[in-house]
Amino acid sequence: MGTAGLETQPSATTYDLEDLVANAWEGKVRVPHFQRDFRWTTQDVLRLFDSVVKGYPIGSLLLWVRKSPAQELTLGRLKIEAPAYEETLWVVDGQQRITSLANALHAHSHLHAPFSLYYDLAERQFIPPPKTREPQHIPLPVLFDLEKLIDWFATEGRSAAEYFKEAQRVAKALRQYKVPAYLVRQDDEKILTDIFDRMNNYGKRLSRAEIFSALFAGPEKGAGDRLSLSRIADRVADRTGFGIIDTDTILSSILARRGPDPARDIRNEFDPTGRRTAPEFPGEDRDTAYEEGEEALVRAVEFLQNHAGVPHLSLLVYRALLVVLTRFFAHFPEPEANTLRLLRRLYWRVAVSGPAVFKGSFTQVGRVLSARIKKGDEHASVKGLMEAMAQAQPTVPNPERFKTNEATAKVILSAWWSLEPRSLVTGKPYDAQDLSSLLGDQTTAATVAYRIFPRGLSPHQQFLAANRMFLPTDTDPVSELPALLTHQPVDMDDSTWEAVLESHCLDRAMLNVLAQGDRNGFLALRQATIAGQLRDFLGRMAEWGYEDTPALDSLDLDDLDELDDRPE
C-alpha cells in the first residue's frame, strides 16, 4: 500500500441549504462519473427533509473543488445547462442528499417521484403527493421560495391563512439549515476515487438489527431487565441447544411474526399510523413483540430439530427458512400432524431446489414465503407455501464438493445425522447434546466434520464428502481415522461394529480396500454409498412424488355430500 495521498487536508466549512441548492441549480455542483446511480425512495427523501426541519444532523458532505467546463448536466430529474466555472463542487460523498434537496425544492423536478413532496401545515409533517389536495398541503418549491409562499397564501392557500406562521417557520428552517462539508482540493482523480471507495466500503456499518435495537431501545431505566435481540438469541440457544442465531435473523423472525413482509421499513414498526399495512397483533408493544417472537422462534427451532432433521444452526441450509417457520408457528403454535409433514417437505424442497425456483435470490425467500401465511387459516397457509414450490424439480446435491459453510455440505450432514452416527471407540450413538456442546455458537460444523485423509490427496479428492466423517466427539482419537477404521475394537462385538460402520456410510468391503492402502478405491466406494444414502434421505424428507393435499378434516364434507345428492 503506497503512502501518496492528499497534499493538503480537506478544509471544513458549512453551507446554508439555500445556497447549496442554488449552487446545484446553477451547475456549480456536479456528480463524478464514479458515483453510483440515484437510489433513494420517496420515504428516504421524506426522512431527509424531516431531519432538516427538526435540526437533526444529516451527515457531512465531501466535495471535490476543481475547475469545470461548460456542459449539460443531469442531476436527478434536473437538466442543467451549466457554464464553465473556475471552481465547482464535485460530490464525492453526499450525492443522494444533494440530489434530493435540489430536486424536491425545484418547481419542475418536484413533479416527479421520488421528489414530489408536500408539507401538511395542519399535521406539521412532510407527506407524499396526497390523493386529494387540501388547502393546507403546500408544495415544497412554494414553501422554499418566500415570494411564492406569500402569493400562495394570497391565492390558493387563502383558506389556510391560520397556518401562515407555521409555513414561515418551516421555510426559514429549510433555507437556513447548515450543511457541513469538507472541501478537497486535488487534481488527481485516482486519489478521489480511492477516497470514495474507502468511505463506502471500509469499516463495519450498522446492521439492520443494530439500527432496530437503537430505535426501540426504550428508556435507560430498567434496560438491564428488558429483552434485547442478543438476549433472545442467548435464551433460544439455552432452551434448544440449537446455537446462537444472529441478531439480524432474530429481528427478521420477530418482524415476520407481526406481518407478512420481514424486510419492511422498521422505523414505524410500533406506530400503526405510520405503517402501510395494519399490524397483525394490534396494540402490541415492543416488549410483548420480543417475548412472543421468542416463543414462536423456539417452536420453529424445535420443529427443525424434531421433524425436519436439523439438529443445530450449523446444519440449517438457509436462515430465511427459519424466519418463515417462525411466522407459521406464531400463528399456528400447534399445527396438525399432516401440516408438520408438509412443512418438512417444504423445508427440504426449498433446501435443495430453492436456488432454481427463486433464481438464486434468497433475499426474496423470506418475503415470498412469509406472504403465503395467512393469519387464522392453517390449511390455506400451508397450501400456499407448498404451491410456492410447485415448480420445484427433484434434486440431489452433488457430494463431490463438501465445504461446511455451503448448502450442499449442510444437507449431507443432516442426511448423516439421520443415520445416528456412532462413536468408533464405544459404539454408542452421539446425541443432540453432544453436538450442541461441541458446536456451541459456531455457524459451521467444521469442528465435527473430520477429514479422513488430511494430506496426500488431490484437490478434487480433498473436497469429496467421502473424505469426511461426522464425529461430534472430544474423546475419540480422531487424528488417526484410517487406523481407527481398519481396526475393530477388541471389546466390540460384530453386530455393534456393523452398526457403527453403517452409521458412517461404511462397510467391511470398503475397509478392506482401505487396509490394502488403496485410498482411491476406498473413496470411490464410499462416495457411491454416500450418494445413495443422500438420495434416499431426500426422498423421505422431501417426498417429491406425494400429493401436497390438506388434512382430511380441512375438506368441507357437507359440500361433498351435497354434490353426491345431486340428481343424475
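Residues numbered from 1 in each chain as written. Predicted model: local features only at pLDDT ≥ 70, side-chain atom pairs only at ≥ 80, totals over all residues. Heavy atoms only, no water.

1. A look at the nonpolar core
Applicable threshold: In these notes, a set of buried Ala, Val, Leu, Ile, Met, Phe, Trp, Tyr and Cys residues joined through side-chain atoms within 4.5 Å is what counts as a nonpolar core. Any residue under 20% of the maximum accessible area for its type is buried, any over 50% is exposed, and the rest in between are partly exposed; the area is computed with a 1.4 Å probe on protein chains only. A run of H or I in DSSP counts as a helix once it spans at least four residues, and a run of E counts as a strand once it spans at least two, with each numbered from the N terminus. Should any heavy atoms of two residues lie within 4.5 Å, those residues are counted as being in contact.
Within the largest apolar cluster, 102 residues are counted, with the highest numbers of intra-cluster contacts made by Leu304, Tyr347, Trp348 and Phe522. Take this core: its biggest share by element is nine residues, from helix H13 (residues 337-357). Beyond its immediate sequence surroundings of up to four residues, Phe522 is in contact with Ile452, Phe453, Ala466, Leu485, Leu506, Met510, Leu511, Val513 and Leu514. Among the nonpolar cores identified, the runner-up in size contains 49 residues, and Ala24, Ile138, Val142 and Val170 belong to it.

2. Focus: the sheet that holds strand E6 (residues 85-93)
The following threshold applies: For two strands to be treated as a pair, DSSP must find at least two bridges joining them. To obtain an axis, a line is fitted to C-alpha atoms, over the contacting stretch when the element is a helix, and the angle between two such axes runs from 0 to 180 degrees between their N-to-C directions.
Across the sheet, five strands lie side by side as E1-E10-E3-E6-E2; this open sheet has mixed pairing. Edge positions in the sheet fall to strand E1 (11-16) and strand E2 (29-30), since each of these pairs with one other strand and no more. Where strand E3 (residues 61-68) and E6 come together, six bridges link them in antiparallel fashion. Directly across from Trp64, in E6, lies its bridge partner Trp90. Contacts from helix H1 (residues 17-25) reach E1, E2, E3 and strand E10 (178-185) within the one sheet, and its direction differs from that of E1 by about 90°. Running over the sheet, helix H3 (residues 95-104) touches E2, E3 and E6 and is turned about 115° from E6.

3. Section: H3
For H3, the tally of buried residues reaches 10 of 10 residues, placing the bulk of the element in the interior. Within the span of H3, buried status applies to Gln95, Gln96, Arg97, Ile98, Thr99, Ser100, Leu101, Ala102, Asn103 and Ala104.

4. Focus on the packing of aromatic side chains
Rules: For this analysis, a ring pair means two rings from Phe, Tyr or Trp (six-membered ring only for Trp) whose centres lie within 6.5 Å, classed as stacked if their planes differ by under 30 degrees, edge-to-face if by over 60, and tilted for the remaining angles. Definition used: whenever NZ (Lys) or CZ (Arg) falls within 6 Å of the ring centre and also within 35 degrees of the ring normal, the charge is taken to sit over that ring.
Taken as a whole, this structure holds 17 aromatic pairs when the rule is applied. A ring pair is formed by Trp152 and Phe153, whose centres lie 5.0 Å apart and whose planes are at 90°; its orientation type is edge-to-face. Accessibility assignment for this pair places Trp152 and Phe153 in one class, buried. Put simply, the rings of Phe303, Phe328, Phe329 and Phe332 pair up and form one aromatic cluster. The lysine or arginine in question, Arg66, covers the ring of Trp64, its NZ or CZ lying 4.5 Å from the ring centre. Above the ring of Trp416, the side-chain terminus of Arg526 is found at 5.5 Å from the ring centroid.

5. Section: the pattern of salt bridges
What counts is decided by this rule: Any carboxyl oxygen of Asp or Glu that lies within 4 Å of a side-chain nitrogen of Lys or Arg is treated as forming a salt bridge with it.
Summed over the entire model, instances satisfying the criterion amount to 29 salt bridges. Notably, a salt bridge pairs Arg401 with Glu406, separated by 2.6 Å at the nearest N-O pair. Exposure remark for Arg401: the relative accessible area of 42% places this residue in the partly exposed category. Of the residues examined, Glu406 reaches a relative accessible area of 25% and is grouped as partly exposed. Between Asp494 and Arg508 there is a salt bridge whose closest N-O contact spans 3.7 Å. Of this pair, Asp494 sits in helix H20 (residues 494-502) while Arg508 sits in helix H21 (residues 508-515); the two residues are 14 residues apart in sequence, bridging distant segments of the chain. We classify Asp494 as partly exposed; its relative accessible area is 49%. Classification of Arg508 by relative accessible area gives partly exposed; the value is 32%.

6. A few points about helix H16 (residues 407-417)
For an α-helix the count is 3.6 residues per turn, leaving residues at separations of three or four pointing the same way. The buried count for H16 comes to nine of 11 residues, which makes it a mostly enclosed element. When H16 is considered as a whole, its buried residues turn out to be Ala409, Lys410, Val411, Ile412, Leu413, Ser414, Ala415, Trp416 and Trp417. On its buried face, H16 sits against H13, helix H17 (432-439), strand E11 (449-451), strand E12 (468-470) and helix H22 (519-542).

7. Description of the pairing of E3
In terms of burial, E3 is largely enclosed, as six of its eight residues are buried. Bridge count between E3 and E10: five bridges; the pairing is parallel. The residue bridging Leu61 from the neighbouring strand is Ala181, located in E10.

8. Looking at the sheet that holds strand E7 (residues 118-120)
The sheet built from three strands is open, its strands ordered E8-E7-E9 with antiparallel pairing. The sheet terminates laterally at strand E8 (125-127) and strand E9 (137-139), the two strands that pair on one side only. The average angle at which neighbouring strand axes cross in this sheet is 35°, direction not considered. The sheet contact formed by E7 and E9 spans three bridges and is antiparallel.

9. Brief notes about the packing of helix H2 (residues 42-54) against H3
Convention followed: Note that the term roughly parallel is reserved for angles under 35 degrees, roughly antiparallel for angles over 145, roughly perpendicular for angles of 65 to 115, and oblique for everything else. All amino acids are sorted into three groups, where Ala, Val, Leu, Ile, Met, Phe, Trp, Tyr, Cys and Pro are nonpolar, Asp, Glu, Lys and Arg are charged, and the leftover types, Gly among them, are polar.
Two elements in contact, H2 and H3, have axes whose closest approach is 10 Å; the angle formed by their N-to-C orientations is 85°. Here H2 is positioned roughly perpendicular relative to H3, judged by the angle of their axes. Together, Val45, Leu48 and Phe49 of H2 and Arg97, Ser100, Leu101 and Ala104 of H3 make up the contact between the two elements. Looking at side-chain class alone, the contact of H2 with H3 contains five nonpolar, one polar and one charged residues.

10. Digging into the confidence of the model for the protein chain
Here is the rule we go by: Within a predicted model, pLDDT stands for the predictor's per-residue confidence, ranging from 0 to 100.
Taken residue by residue, the protein chain gives an average pLDDT of 87. The fraction at 70 or more is 88%. Note on residues 554-568: pLDDT is under 50 here. Beyond four places in sequence and across chains, it has two contacts.

11. A few points about unusual backbone geometry
Going from Ala113 to Pro114, the amide bond is cis rather than trans, its omega being 5°. Considering the arrangement of structural elements, one finds Pro114 in the loop between H3 and E7. Although it is not a glycine, Arg124 sits at a positive phi angle of roughly 60°. Checked against the element boundaries, Arg124 lands in the loop between E7 and E8.

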